[in-house]
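# Observations on the model geometry
So you can see what is in the structure, the chains are spelled out below.
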Amino acid sequence: MLFYQRPTSSFLLLTLTFVLLLSSFININASDPTSSEDDSDDLEQLLALDEQEDQLQQDQESISRFSEAEVLSKAQRIVLELNSDNSKRVIDGNEFVLLLGYAPWCVRSAELMPHFAEAATSLKELGSPIVMAKLDAERYPKVASLLDIKGFPTLLLFVNGTPQAYTGGFSAEEMVIWARKKTGVPVIRISTVNEAEDFLKKYHMFVIGHFEKFGGSDYEAFVKAATADNEIQFAETNNIEVAKVLYPDIKDTNFLGIVKNEPERYTSHEGTFEMENILQFLDYNKFPLVTKLTELNSVRVYSSPVKLQVYVFAKADDFKALLEPLQDIARKFITKIMFVYIDITDENLSKPFLTLFGLEESKNTLVTAFDNKGTSKYLLQSDPTPSNIEEFSSGLLDGSLSTYFKSQPIPDNNNASVLAVVGKTFDDLVLSSPKNVLLEVYTPWCINCETTSKQVEKLAKHFKSLDNLVFAKIDASANEHPKLQVNDFPSLFLYKAGDKDNPIKLSTKSGSKELASFINKQVRPKDQAAKDEL
């Protein structure tokens with residue numbers, strides 16, 4: 001089998017020189033009036049040169065792709081492949097085993113695999129005692145069951161054969177940090193400027209602690225926080241010059257700060273050195289000014305203690321122009337509002353959110369917000385300009401925004417025996433109506449709703465001569481109202497005139513005759529004879 005080697009710099013320089021000389025030679029001949037070659041010969045030579053350059057570029061791209069594949073293949077070989085024969089021996093025979101349970105058809109497993117392999121390479125280079133292993137849980141279901149792998153992908157850390165849940169992030173760097181912390185290295189001590197410079201190249205986010213001595217209550221709280229945290233690498237030093245390489249504005253001993261690879265790079269801890277306070281400081285400051293939501297970080301974003309969150313949905317190209325002004329806005333609400341960007345073309349991430357607003361088909365930039373302390377959601381209904389987004393964010397913070405309830409467009413109910421109600425018309429057609437209203441609440445995916453709908457249509461025709469009764473229906477999947485909180489479908493409610501705040505729930509299991517009898521008793525004037533036969 002033939003293997004390409006990456007071309008050396010001298011080879012590339014020689015090739016470039018040859019191409020330039022060849023180009024010069026052709027140009028000279030082309031401009032020489034005594035030359036015997038005609039224009040067509042010149043053109044052929046130029047085309048041949050273009051083909052040579054294209055081929056050289058293709059060869060270099062092929063070599064690059066091969067090199068990347070070779071690195072990944074090498075990394076994957078470091079990861080042990082478990083099976084029915086070796087799983088018990090590997091798990092029980094090593095102090096630490098980080099296991100990835102996967103299925104070949106699982107998209108998330110495929111996304112995680114290269115990060116897992118990269119983490120394995122880094123941990124081996126660091127001399128970590130942890131063994132990285134993977135198991136095809138679909139091929140070996142009995143082994144997967146014994147190892148408590150119930151979904152895909154699953155990460156478990158086995159310590160002397162006992163499993164622990166994985167609670168870290170899903171990038172290679174985050175897996176390395178988590179694994180080292182769980183195997184006895186919660187803090188990296190940095191003693192020289194060279195070590196600090198090397199450290200800066202490896203970590204895009206870290207916590208730096210500067211102490212006069214590695215002891216005392218402040219230092220102990222720092223180490224406890226480093227051990228308890230599952231995501232961020234902690235570093236320590238007692239040398240002020242070393243500390244300034246990592247955090248230039250350090251002035252005092254017993255200092256703690258977080259460093260991130262983004263515009264808001266440095267943030268210092270101003271509170272007391274207690275483990276809980278340090279962890280809270282990190283929770284509120286570990287995210288960038290604007291976080292891009294991905295499959296890998298979604299759990300961390302959703303579990304953030306910052307409960308007020310603004311989400312911007314936009315195409316990647318459109319968001320480029322919005323990012324910098326959005327970062328400026330985020331600075332004004334730091335630790336109070338979390339700003340999140342979602343690529344609107346990524347349906348797996350964007351559609352679940354946009355469906356909550358009834359805007360799942362939208363393609364243009366949208367700005368929404370959530371108050372995760374409750375269930376309130378908000379929509380910026382003006383243009384998503386920086387000034388409007390800032391005003392929207394201020395309203396979210398001070399509680400002056402109006403909660404958004406999704407609604408379909410107002411329908412035409414002319415000649416309808418059963419009125420179609422939407423979110424925007426619920427007040428007018430149901431709550432403010434002077435008549436009694438029998439409302440069916442349904443969803444398109446409800447199995448039994450069609451039967452109930454036919455029953456309501458039948459009742460509407462039966463009672464069409466009754467002027468004080470209106471029949472209506474609302475699709476709860478596409479319409480919302482603060483006074484309509486329904487979790488089971490179909491549902492039937494009778495909103496009686498004069499007491500709309502206390503609707504009566506009717507059984508959808510009742511027959512048409514039973515429902516007609518009940519309606520007669522509730523809404524027919526007492527001096528009229530009951531007529532409930534259908």
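Coordinates for the structure precede this section.
In what follows, the accompanying structure is described. Everything numeric here is computed off the predicted structure, so don't read it as measured data.

Criteria and cut-off values
Residues numbered from 1 in each chain as written. Predicted model: local features only at pLDDT ≥ 70, side-chain atom pairs only at ≥ 80, totals over all residues. Heavy atoms only, no water. Pairing = 2+ DSSP bridges. Helix = DSSP H or I, 4+ residues; strand = E, 2+ residues; numbered from the N terminus. Axes fitted to C-alpha atoms, helices over the stretch in contact; angles between N-to-C directions. Contact = heavy atoms within 4.5 Å. 1 Å grid on protein atoms, 1.4 Å probe; cavity = no way out; pocket = protein on both sides within 12 Å on 5 of 7 lines; lining within 4 Å. Points joined across faces, edges and corners; volume = space filled by probe spheres on them. Nonpolar A, V, L, I, M, F, W, Y, C, P; charged D, E, K, R; others polar.

## Here's the deal with the sheet that holds strand S7 (residues 205-210)
- Pairing within the open sheet is mixed, and its five strands lie in the order S6-S8-S7-S9-S10. Strands at the two margins of the open sheet, each flanked by one partner only, are strand S6 (187-189) and strand S10 (266-268). On average, each strand axis in the sheet is tilted by 25° relative to the strand beside it, whichever way the strands run.
- Direction of pairing for S6 relative to strand S8 (residues 233-237): parallel, over a ladder of three bridges. Bridge pairing links Ile188 to Ala235 in S8.
- The sheet contacts of helix H10 (residues 275-285) involve S7, S8, strand S9 (255-260) and S10, and relative to S9 the element is tilted by about 20°.

## Points about the pairing of strand S20 (residues 499-506)
- Pairing of strand S19 (residues 491-496) with S20, which is carried by four bridges, proceeds in the antiparallel orientation. If you follow Phe493 over to S20, its bridge partner there is Lys505.
- Adjacent in sequence and paired antiparallel, S19 and S20 are bridged by two residues, among which Gly498 carries a positive phi angle near 90°.

## Concerning empty space enclosed by the protein
- Summed over the entire model, instances satisfying the criterion amount to two cavities of 30 Å³ or more.
- Volume-wise, the largest cavity comes out at about 170 Å³.
- As for the largest cavity, its lining consists of 17 residues, and the residues nearest its centre are Tyr284, Phe287, Pro288, Thr335 and Ile337.
- At the level of secondary structure, the elements contributing two or more residues to the lining of the largest cavity comprise H10 and strand S13 (337-343).
- For the lining of the largest cavity, the class distribution of residues is ten nonpolar, three polar and four charged.

## Concerning the sheet that holds strand S18 (residues 469-475)
- Across the sheet, five strands lie side by side as S16-S18-S17-S19-S20; this open sheet has mixed pairing. The two strands at the open ends of the sheet, each matched to only one other strand, are strand S16 (419-421) and S20. In this sheet, adjacent strand axes meet at a mean angle of 30° when their direction is disregarded.
- Of the pairings in the sheet, the one linking strand S17 (residues 436-442) to S18 comprises seven bridges and is parallel in character. For Val437, the partnering residue across the bridge sits in S18 and is Val470.
- Of the strands in this sheet, S17, S18 and S19 touch helix H16 (residues 449-462), which is tilted by about 160° from S17.
- Contacting S17, S18, S19 and S20, helix H17 (residues 512-523) runs over the sheet at an angle of about 15° to S19.

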